[in-house]
Amino acid sequence: MASITFTHVNKTYPGNVEVVPDLNLEIKDKEFVILVGPSGCGKSTTLRMIAGLEDITSGELRIGDRVVNDVAPKDRDIAMVFQNYALYPHMTVYKNIAFGLELRKVPRDEIDKKVHEAARILDLEHLLDRKPKALSGGQRQRVALGRAMVRDPAVFLLDEPLSNLDAKLRTSMRTEISKLHRKLDTTFVYVTHDQTEAMTMGDRICVMKDGIIQQFDTPQVLYDFPCNLFVAGFIGSPQMNFIPATIVKKDGKVCAHFDQFYLPLDEEKAKALASYIDKEVLIGIRPEDFAEVANQPKEETITATVELAELMGAETNLYMDCAGTKLIVRMPSNVRPEEQKPYTVAVKVNKIHVFDKDTEKAICH
């Protein structure tokens with residue numbers, strides 16, 4: 001049983017620098033949880049508190065049924081994989097993987113069995129006699145994973161393990177780590193600032209800002225139902241467009257009004273916005289929630305100036321200016337409008353998100 005429970009955990013550094021004010025978080029046994037957020041949001045500090053590398057100022061941290069506030073890192077049954085691999089340069093791959101087991105006086109034949117099993121799973125068998133300097137970045141990261149694996153930990157902690165790899169390697173290593181989690185059936189806690197990693201790997205994602213959990217849910221719920229402006233802007237790439245608008249009634253419909261446009265909102269949103277008539281809000285539209293104008297009602301379209309058309313291969317990103325508001329619009333690759341000219345696009349109005357301008361909380365989706 002390797003659930004992880006934070007109860008009113010506070011972390012304050014000398015000089016009264018509060019990094020994590022009051023953390024309440026429960027990670028289930030065998031779950032793959034991602035801690036995500038911008039630099040300085042407290043995600044790495046949270047991971048290091050689980051590892052025992054940071055002391056807890058107040059509150060309680062449990063791994064399984066055991067309170068571990070004062071338990072030494074080596075006695076917590078965890079293994080940690082770092083951003084910089086932390087391999088011993090003078091040791092072979094075999095020795096790097098085996099080193100922790102040797103320190104614990106594990107019998108030699110058992111060490112050999114565990115090292116070869118990990119090497120087989122991670123496709124490192126042909127590299128066991130090499131030293132780290134003769135390996136690629138991806139291979140080094142797999143060695144670091146192998147070293148953690150052979151210990152059979154109850155909890156795997158991974159601190160931005162892919163950030164030193166190039167884009168292609170990051171993609172393949174994401175797959176490798178996800179497969180590894182399924183194979184080992186162990187609790188994984190993974191820190192990243194890359195929301196693509198978070199969306200593709202985690203069972204649940206914990207979005208943090210200033211040491212405070214903004215939302216903790218599945219990737220799909222975070223994408224479809226962000227609880228506030230911060231989560232909406234952080235999850236999704238390119239990020240959601242935010243447009244200052246006023247909620248008005250026009251021709252019997254509740255609409256989001258900005259510039260000369262009146263985007264009609266569906267009945268469910270109209271009910272949620274009953275108390276916001278004639279009030280300013282922020283509406284959120286994801287780049288992929290625009291479409292070509294063909295067969296769309298005119299009231300569901302907007303016209304903006306194309307500043308740049310960026311061909312991405314399978315699609316085109318249009319960087320547009322709509323009455324001073326910058327928009328990113330995703331279109332099929334065959335759409336290549338003229339730059340510095342007006343261009344009309346349709347809005348999938350059923351996908352509009354509406355946020356309170358003052359509290360920044362979501363009103364409806």
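Rules used throughout
Residues numbered from 1 in each chain as written. Predicted model: local features only at pLDDT ≥ 70, side-chain atom pairs only at ≥ 80, totals over all residues. Heavy atoms only, no water. Pairing = 2+ DSSP bridges. Helix = DSSP H or I, 4+ residues; strand = E, 2+ residues; numbered from the N terminus. Disulfide = S-S within 2.5 Å. Buried < 20%, exposed > 50% of the residue type's maximum accessible area, 1.4 Å probe, protein only. Axes fitted to C-alpha atoms, helices over the stretch in contact; angles between N-to-C directions. Parallel < 35°, antiparallel > 145°, perpendicular 65-115°, else oblique. Left-handed = near helix turned anticlockwise from the far one by under 90°. Contact = heavy atoms within 4.5 Å. Nonpolar A, V, L, I, M, F, W, Y, C, P; charged D, E, K, R; others polar.

Chemist: Which residues make up the pairing of strand β12 (residues 253-258), and what values go with them?
Modeler: Pairing between strand β11 (residues 241-250) and β12: five bridges, direction antiparallel. Note that in β12 the partner of Lys250 across the bridge is Lys253. Between β11 and β12, which pair antiparallel one after the other, the connecting turn spans two residues, and Asp251 there sits at a positive phi close to 55°. Turn length for the β12-strand β13 (residues 261-264) hairpin, with the two strands adjacent in sequence and antiparallel, is two residues, and the turn residue Asp259 shows positive phi of about 50°.

Chemist: Help me get a handle on the state of the cysteines, residues and values and all.
Modeler: Two cysteines joined by a covalent bond between their sulfur atoms form a disulfide. Within this structure, the stated rule accounts for zero disulfides. Free cysteine Cys206: the closest other cysteine sulfur is in Cys41, separated by 8.7 Å. Take Cys364: it sits in no disulfide, and the sulfur closest to it among the cysteines is that of Cys255, at 13 Å.

Chemist: Outline unusual backbone geometry, listing residues and values.
Modeler: The omega torsion across Ser237 and Pro238 is -5°, close enough to zero to call that bond cis. Along the chain, Pro238 turns up in the loop between α8 (229-234) and β11. Here Asp251, not a glycine, exhibits a phi torsion of approximately 55°, which is positive. Positionally, Asp251 belongs in the loop between β11 and β12. At Asp278, a position not held by glycine, the phi torsion is positive, near 65°. Position of Asp278 relative to the elements: it lies in the loop between α9 (267-272) and β14 (280-285).

Chemist: Give a description of helix α1 (residues 43-51) that names residues and reports values.
Modeler: Counting buried residues along α1, seven of its nine residues qualify, which places the element largely inside the surrounding structure. Looking only at α1, the buried set comprises Lys43, Thr45, Thr46, Leu47, Met49, Ile50 and Ala51. A positive backbone phi angle near 90° is found at Gly52, which sits one or two residues after α1.

Chemist: Would you mind going over the packing of helix α2 (residues 93-103) against helix α4 (residues 137-149) in detail, with residue names and values included?
Modeler: One can describe the packing of α2 onto α4 by two numbers: an axis separation of 7 Å at closest approach and a directional angle of 30°. Between α2 and α4, the angle falls in the class roughly parallel. Handedness of the α2/α4 crossing: right-handed. Counted together, Val93, Asn96 and Ile97 of α2 and Val143, Gly146 and Arg147 of α4 form the full contact between these two elements. The residue inventory of the contact of α2 with α4, partitioned by class, reads three nonpolar, two polar and one charged.

Interpretation in functional terms is not warranted from these geometric data alone.
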